[in-house]
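The chain contents come next:
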Amino acid sequence: MPDALSWEAWITLATIGLSLFALARDIARPHLVLLGSLVPLLILGILTTEEAFAGLSNSAVLVVGSLFVVAAGVQNTGALAFADRLLFPKKPNVSLATLRLMATTATMSAFLNNTPIVAMLIPRVQAWSERTGVPASRLMIPLSYAAIVGGVITLIGTSTNLVVSGLLEDAGYSPLGLFTLTGVGLPVAIAIIAYFSLLGYRFLPARGEAGEALEDDLGECLFEARVAPGSLFVGKTVEEAGLRSLGDAFLVHLRRGDDLRAAGPDTVIREGDRMTFTGNSAAVERLLAQPGLVRAVASVDADAATTLPLYEAVISPSSALVGRTLKEIDFRERYQGVVLAVRRQDAVLKGALGQTPLAAGDLLLIEASAGFDRRWNRRRDEFYLVSQRRGGVARVPSEKAPLAITILIAVVAVAALNLASIVTTAFVGALAMIATGCISSRDAGRSVDLPVLVVIAAALGLGRAIENTGLAEAAASAITGPASAFGPLGMIAAVYVATNLLTEVITNNAAAALMLGVGLAASEMVGAPPEAFAVTVAVAASASFMTPIGYQTNLMVMAPGGYRFADYFRAGFVVNVIVGVVAVTMIAMLWF
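Fair warning: this is a prediction, and the values are worked out from it, not measured in the lab. (Residues numbered from 1 in each chain as written. Predicted model: local features only at pLDDT ≥ 70, side-chain atom pairs only at ≥ 80, totals over all residues. Heavy atoms only, no water.)

(A) View of the overall build of the chain. Within the chain, the secondary structure is distributed over 24 helices and nine strands. In the chain, which comprises 592 residues, the proportion classed as buried is 58%. Residue pairs in contact within the chain that sit at least 24 positions apart in sequence constitute 78% of those at least 6 positions apart. For the chain, the computed accessible surface area is about 22,900 Å², with 60% contributed by carbon and sulfur atoms. (Helix = DSSP H or I, 4+ residues; strand = E, 2+ residues; numbered from the N terminus. Buried < 20%, exposed > 50% of the residue type's maximum accessible area, 1.4 Å probe, protein only. Contact = heavy atoms within 4.5 Å. Areas by Shrake-Rupley, 256 points an atom, 1.4 Å probe, with all protein chains shown as cover.)

What follows is the structure, encoded as structure tokens:
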């Protein structure tokens, strides 16, 4: 950075650096990190109170909150069940299935929040995989990537686009229109769908049989069982009981009171021993079905213990479970369910089930009463996805489904025809969903992801500090300086790459807020349209494909697809290159 930077700019830069470190290391939740970053700027007078919290009154926050309700109303009525006919071919053709799945997903994601779309489609992918024998791991990453690229087709496709539009308006420019991004986003989506349909699916892992991506890889699932009174296992050694050579499971240790001991072949089993196993999720049900072994934790409904359904739930980063154990959180009482197993895709879990700290992206196998999935799918702050095992795939559309679709179409049409602003149409659409009974007011409140709104508001305040202190102009010079020799196109490419690298380690909304000021400063340097750099930042901030943590849908499909961290890098690197080349080319053609 140039020496001419003011002390305010250096403090802002240091604050941003510490925030990036905290976000990358997952020291605290993103909304807490970004809110905390405003504190030193407020104390030192770099930001006024009005500037720091101006994001709360920004139209982007209201639009995103309203669209959460609209999307929840559509999902709640089962209005998208028609998509089943569009998703998959009857025969196990992976190329055709990838094409239909990605095209349908991208189209829906252009107008709806992508989180509920992916949550709705994951169990459908699993069901088709089971019927046809195609591994779900061949389809889950394409599902997530289609939702991401579909989100950059329109302004309302993702909250990131709305953050950029709100910042653009705050800077004194015209906000982005509903279809301003379409000339860039649509070619990007077509390119990625074509790539995966023709070639990309071949490079994805094929794990598991017939969609059993959750049931492969010994040692990735941790679960417990207890030796019941009168069990035939009592008095036998581990080897005599047949618990040594289980094939798809391994007895790690057993706990007798406070005594934890290794489960060697000669270890004698006693009544009440708690056994900890690692293995695939199919082994959980098989072992618990053995006479003499019962759940380590009592069922939520003792009278229906043998008939309660099983659910798979993926923990979201904002969940109260993150960093805490099942015992600390009192899972049974708080969530009205019993965790039978925990799976962490990129690590082998060790220790007792109830004393293992949980992490975002962990998949829980939960026994609970009917309706557990409907109850918790309405609250994205706890779980990204809750689906019932073996069945329960599709919601039957209610009589409100046509009404929900009509409201959605009206929101899009009114905004597209410029009859009203997007903030007005989205807000009225959300109220219409509640007023017509497509979603209850209680469920509407639960559907709003408050941490996302806080991230947007705090990031907007941080973006104001970057602009006010001159840091944006200095960063623009540093980032685009070497690229200026290649003209506006080189500067567009430099801003795109910088934003894209940033969004892989922090949230996409934060990356967009931090980089838009840099993009606008670069546009002034070359006299380019500010919309060109705004679209560049919006697309690059959403183009997070190389890690499971960069974008929420990547994390959602990680456990259901049986993926490891490296799978995203292998699949996402090529996709990042394709999206970058197509996006920069289209921006150059449309604005220069």
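(B) Main features of a nonpolar patch on the surface. Together, Trp 7, Ile 11, Val 39, Ile 43 and Leu 44 make up an exposed nonpolar region whose accessible area comes to about 480 Å². Contributions of two or more residues to the nonpolar patch are made by helix H1 (7–24) and helix H2 (30–43). Relative to the helices and strands, Leu 44 resides in the loop between H2 and helix H3 (49–52). (Patch = residues over 30% accessible without salt bridge, like charges linked within 9 Å, V, L, I, M, F, W, Y side chains within 5 Å. Salt bridge = Lys/Arg side-chain N within 4 Å of Asp/Glu carboxyl O.)

(C) Structural view of the layout of surface pockets. Of the volumes computed, that of the second largest pocket is approximately 360 Å³. Lining of the second largest pocket is provided by 19 residues; of these, Glu 224, Arg 274, Val 297, Lys 327 and Gly 354 occupy positions nearest its centre. Going through the elements one at a time, strand S2 (249–256), strand S4 (274–279), helix H12 (326–329), helix H13 (331–335) and strand S7 (337–343) are the ones with two or more residues in the lining of the second largest pocket. Of the residues assigned to the lining of the second largest pocket, the class counts are eight nonpolar, five polar and six charged. (1 Å grid on protein atoms, 1.4 Å probe; cavity = no way out; pocket = protein on both sides within 12 Å on 5 of 7 lines; lining within 4 Å. Points joined across faces, edges and corners; volume = space filled by probe spheres on them. Nonpolar A, V, L, I, M, F, W, Y, C, P; charged D, E, K, R; others polar.)

(D) View of the environment of Ser 59. Here Ser 59 shows up in helix H4 (residues 59–76). Along the backbone, Ser 59 and Val 423 are 364 residues apart, and their C-alpha atoms lie at a distance of 6.2 Å. Leaving out residues up to four positions away in the same chain, Ser 59 has contacts with Glu 169 and Val 423.

(E) Representation of the pairing of strand S3 (residues 259–262). Inspection of the sheet shows S2 paired to S3 by four bridges, in the antiparallel sense. If you follow Arg 256 over to S3, its bridge partner there is Asp 259. Where S2 folds back on S3, the antiparallel hairpin that results is connected by two residues, among which Gly 257 adopts a positive phi of roughly 70 degrees. (Pairing = 2+ DSSP bridges.)

(F) Here's a closer look at H2. Under the 1.5 Å per step criterion, the end-to-end length of H2 is 21 Å for 14 residues, consistent within 8% with the ideal 20 Å. All of the buried residues along H2 are His 31, Val 33, Leu 34, Ser 37, Leu 38 and Leu 41. The buried residues of H2 occupy an angular sector of 165 degrees when projected down its axis, which confines them to one face. Just downstream of H2, Gly 45 is the residue with a positive phi angle, here 75 degrees. (Expected span 1.5 Å × (residues − 1). Arc of directions from axis to C-beta.)

(G) The side chain of Ser 19, seen in detail. Position of Ser 19 among the secondary structure elements: in helix H1. Assessed through its relative accessible area of 7%, Ser 19 is described here as buried. Setting aside chain neighbours within four positions, we find Ser 19 in contact with Val 33 and Ser 37.

(H) The arrangement of the nonpolar core in detail. Formed by 150 residues in total, the largest nonpolar core has its most connected members in Leu 143, Tyr 145, Phe 196 and Val 579. When residues no more than four places from it in sequence are discounted, the contact partners of Leu 143 are Leu 101, Thr 105, Val 118, Leu 121, Ile 122, Val 125 and Val 557. Val 227, Ile 269, Phe 277 and Ala 341 belong to the second largest nonpolar core, which has 23 residues in total. (Core = buried A, V, L, I, M, F, W, Y, C linked by side-chain atoms within 4.5 Å.)

(I) Structural detail: the confidence of the model for the chain. Predicted confidence across the chain gives a mean pLDDT of 82, with 88% of residues reaching 70 or more. When pLDDT is averaged over each element of the chain, helix H10 (residues 182–198) comes out on top at 97 and helix H11 (residues 281–288) at the bottom at 68. Contacts from residues 391–395, a stretch scored under 50 in pLDDT, to residues over four places away or in other chains number twelve contacts. (pLDDT = per-residue confidence, 0-100.)

(J) Region of the structure containing the side chain of Thr 276. Among the secondary structure elements, Thr 276 is positioned in strand S4. Looking at Thr 276, its side chain comes within polar contact range of the side chain of Glu 224, at 3.4 Å. (Polar contact = N/O pair within 3.5 Å; in protein donor to acceptor, adjacent residues only side chain to side chain.)

(K) Focus on the pattern of salt bridges. Inspection of the entire model under this criterion finds six salt bridges. Between Arg 332 and Glu 333 there is a salt bridge, and its shortest N-O distance comes to 3.3 Å. Taking the relative accessible area as the measure of exposure, Arg 332 reaches 28% and is therefore partly exposed. Note that Arg 570 and Asp 567 form a salt bridge whose closest N and O atoms lie 2.5 Å from each other. One end of the pair, Arg 570, and the other, Asp 567, are both in helix H24 (residues 565–591), three residues apart, so they sit about a helical turn from each other. Classification of Arg 570 as exposed rests on a relative accessible area of 53%. Take Asp 567: its relative accessible area is 4%, and that puts it in the buried class.

(L) Highlighting the packing of aromatic side chains. Scanning all chains against the criterion turns up eight aromatic pairs. Here the aromatic rings of Tyr 145 and Phe 545 are separated by 4.9 Å at their centres, their planes lie at 75 degrees, and the arrangement is edge-to-face. Residue Tyr 145 is found in helix H8 (residues 140–150), and its partner Phe 545 is found in the loop between helix H22 (530–542) and helix H23 (552–558); the two are separated by 400 residues along the sequence. Residue Phe 545 is classed as buried on the basis of its relative accessible area of 0%. With 4.6 Å between their ring centres and 25 degrees between their planes, Phe 331 and Tyr 335 make a pair best called stacked. Linking Phe 331 with Tyr 335, this pair stays in helix H13, spanning four residues, or about one helical turn. Across this residue pair, the class does not change: Phe 331 and Tyr 335 are buried. (Phe/Tyr/Trp six-rings, centres within 6.5 Å; stacked < 30°, edge-to-face > 60°.)

(M) Structural detail: the pairing of strand S8 (residues 363–368). For S8, the buried fraction is high: six of the six residues fall into the buried class. Side chains Leu 363, Leu 365 and Glu 367 of S8 all project onto a buried face; the interleaved residues Leu 364, Ile 366 and Ala 368 project onto the opposite face, where all are buried too. Here five bridges tie strand S6 (residues 310–315) to S8, and the two strands are oriented antiparallel to one another. When the bridges of S8 are listed, Ala 313 appears paired with Leu 364. When S7 meets S8, the two strands line up antiparallel, connected through six bridges.

(N) Seen up close, unusual backbone geometry. Positive phi, normally seen in glycine, also occurs at Asp 330, with a value near 55 degrees. Counting through the fold element by element, Asp 330 comes out in the loop between H12 and H13.

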